[in-house]
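The residues making up each chain are set out below.
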Amino acid sequence: MESCIFCRIVSGDMASDKVYEDEEILAFNDINPKAPTHIVVIPKMHIATLNELEEGHAALVGKLFLAARRMAEEQGFAEAGYRTVINCNRLAGQSVFHIHLHVLAGRLMGWPPG
Ligand code: 5GP
Ligand code: ZN
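Scope of this entry: the structure provided in the associated data block.

Rules used in this analysis
Residues numbered from 1 in each chain as written. Chains lettered and ligands numbered in written order. Predicted model: local features only at pLDDT ≥ 70, side-chain atom pairs only at ≥ 80, totals over all residues. Heavy atoms only, no water. Helix = DSSP H or I, 4+ residues; strand = E, 2+ residues; numbered from the N terminus. Expected span 1.5 Å × (residues − 1). Buried < 20%, exposed > 50% of the residue type's maximum accessible area, 1.4 Å probe, protein only. Arc of directions from axis to C-beta. Donors = N, O, S within 2.8 Å, 3.2 Å for Na, K, Ca; no water.

Thoughts on helix 2 (residues 58–75)
Next up, step 1: Between its terminal C-alpha atoms helix 2 stretches 26 Å, which fits the 26 Å expected from 18 residues at 1.5 Å a residue.
Next up, step 2: Burial in helix 2 covers these residues: Leu60, Val61, Leu64, Ala67, Ala68, Met71 and Ala72. Angular distribution of buried residues about the axis of helix 2 spans 135 degrees; they occupy a single face of the element. Away from the buried face of helix 2 by more than 90 degrees, exposed residues Ala58, Ala59 and Glu74 are located.
Next up, step 3: Once helix 2 finishes, Gly76 follows within two positions and takes phi at roughly 80 degrees, a positive value.

Some points on the coordination of the zinc ion (ligand 2)
Ideal donor angles around a metal are set by the shape: a four-donor tetrahedron calls for 109.5 degrees, a six-donor octahedron for 90 or 180 degrees.
Next up, step 1: Protein coordination at the zinc ion (ligand 2): the donors are Cys4 (SG), Cys7 (SG), His46 (ND1) and His98 (ND1), at 2.0 to 2.3 Å from the metal.
Next up, step 2: All donors of the zinc ion (ligand 2) come from a single chain, and their spacing in sequence reads C-x2-C-x38-H-x51-H. Pair noted here: Cys7 is in helix 1 (residues 5–11) and His46 is in the loop between strand 3 (37–43) and helix 2, with a separation of 39 residues, a long-range link.

This is the structure:
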């Protein structure tokens, strides 16, 4: 998927400010942060949106959340709180069509989200 920005980050074609990496997932700081901490956690495998998720991806998606939990502990915002978000398609404002978990922390979050 050469046209996909996040696949290009995975391949090293494009730079990113990496926070965590293993064989299956990658986490990096968002280029346009919406909170003092804004990390994007992605599977290395290209899955465009939540609508393309299959049973076989269940463990992979679980790993995105486990990475978020670990980073929250390591970076010290677990107790204060944080928000995880996956936007899907137009009405939710998805702009990069490679599934990703936003991890936002460091400020009070409004609810419901805009
Ligand atoms: P979405 O709007 O699809 O839920 O989230 C996409 C996120 O990716 C946005 O928060 C946006 O700032 C971030 N983003 C887009 N392009 C890049 C990039 O090239 N590098 C990084 N680090 N983040 C990006
Ligand atoms: Zn991709």
